[in-house]
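Inside the fold
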Amino acid sequence: MLNQFKLKTMTYFYYKTTKTWNGQPQYKQMTNSEEETINLWKHLSDKKNWRIVQLPNGYYQIEYRDIENKETWYDVTRRETLESAEAAIDGSVEHYGKKLEFVKGPKVVKTFK
């Protein structure tokens with residue numbers, strides 16, 4: 001009975017990229033879409049642009065405000081408790097804050113004499 005199922009092997013494809021940092025900032029002209037993305041990350045890393053709405057089924061929906069139209073909100077996720085909804089917002093704010101730190105380039109974490 002077990003022989004009727006043929007085992008298939010999985011093939012993994014790896015793609016390697018190499019990036020180097022020569023110690024000098026690598027300035028380049030940002031495209032409009034990159035600037036919009038960074039502006040969105042800045043917007044989402046500010047907790048005042050988030051809210052929690054209780055739905056009729058008792059769940060809590062997490063939403064963020066549109067950058068341009070302050071009356072428009074976009075739903076992101078739902079949680080069962082208010083505490084878990086606020087924790088999800090805190091996690092999102094932290095996540096987008098880290099993305100903004102990454103855009104600034106590498107930071108020195110330790111130096112030696």
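First, a word on scope: everything that follows refers to the structure included in this document. (Residues numbered from 1 in each chain as written. Predicted model: local features only at pLDDT ≥ 70, side-chain atom pairs only at ≥ 80, totals over all residues. Heavy atoms only, no water.)

**Considerations on the pairing of strand S1 (residues 50-54)**
Examined bridge by bridge, S1 and strand S2 (residues 60-65) share five bridges and lie antiparallel to one another. Bridging across to S2, tryptophan 50 finds its partner in tyrosine 64. In this antiparallel pair of consecutive strands, S1 and S2, the connection spans five residues, and glycine 58 shows a positive phi of 95°. (Pairing = 2+ DSSP bridges. Helix = DSSP H or I, 4+ residues; strand = E, 2+ residues; numbered from the N terminus.)

**Re the side chain of glutamate 63**
Mapped onto the elements of the fold, glutamate 63 is located in strand S2. A relative accessible area of 8% means that glutamate 63 is categorised as buried. Within the structure, the side chain of glutamate 63 is placed 2.6 Å from the side chain of arginine 51, a separation counted as a polar contact. Only 2.6 Å separates the side chain of glutamate 63 from the side chain of glutamine 61, close enough to count as a polar contact. Among residues more than four places away in sequence, those in contact with glutamate 63 are Asn49, Trp50, Arg51, Val53, Trp73, Tyr74 and Asp75. (Buried < 20%, exposed > 50% of the residue type's maximum accessible area, 1.4 Å probe, protein only. Polar contact = N/O pair within 3.5 Å; in protein donor to acceptor, adjacent residues only side chain to side chain. Contact = heavy atoms within 4.5 Å.)

**Description of the sheet that holds strand S3 (residues 73-79)**
What holds strands together in a sheet is hydrogen bonding between their backbones, with the strands either parallel or antiparallel. Here we have three strands laid out as an open sheet, ordered S1-S2-S3, and antiparallel in their pairing. Looking along the sheet, the strands with just one partner apiece sit at the ends: S1 and S3. Taking the axes of each pair of neighbouring strands and ignoring which way they run, one obtains an average angle of 30° across the sheet. Inspection of the sheet shows S2 paired to S3 by six bridges, in the antiparallel sense. Looking at the pairing, glutamine 61 lines up with arginine 78 of S3. Those strands touched by helix H2 (residues 82-103) are S1, S2 and S3, and its axis lies near 160° from that of S1. (Axes fitted to C-alpha atoms, helices over the stretch in contact; angles between N-to-C directions.)

**Observations concerning the packing of aromatic side chains**
The relation between two aromatic rings is expressed through the spacing of the ring centres and the mutual angle of the planes. Counting across every chain of the model gives two aromatic pairs. Arranged with centres 5.8 Å apart and planes meeting at 55°, the rings of tryptophan 50 and tyrosine 64 form a pair that is tilted. Within this pair, whereas tryptophan 50 is found in strand S1, its partner tyrosine 64 is found in strand S2, the two being separated by 14 residues in sequence. Comparing tryptophan 50 with tyrosine 64, the two get one shared label, buried. Where tyrosine 64 meets tyrosine 74, the ring centres are 5.5 Å apart and the plane angle is 45°; that geometry is what we call tilted. Placement of the pair is tyrosine 64 in strand S2 and tyrosine 74 in strand S3, with a sequence separation of 10 residues. Of the residues examined, tyrosine 74 reaches a relative accessible area of 36% and is grouped as partly exposed. The structure contains a cluster of three or more aromatic residues connected by ring pairs, namely Trp50, Tyr64 and Tyr74. (Phe/Tyr/Trp six-rings, centres within 6.5 Å; stacked < 30°, edge-to-face > 60°.)

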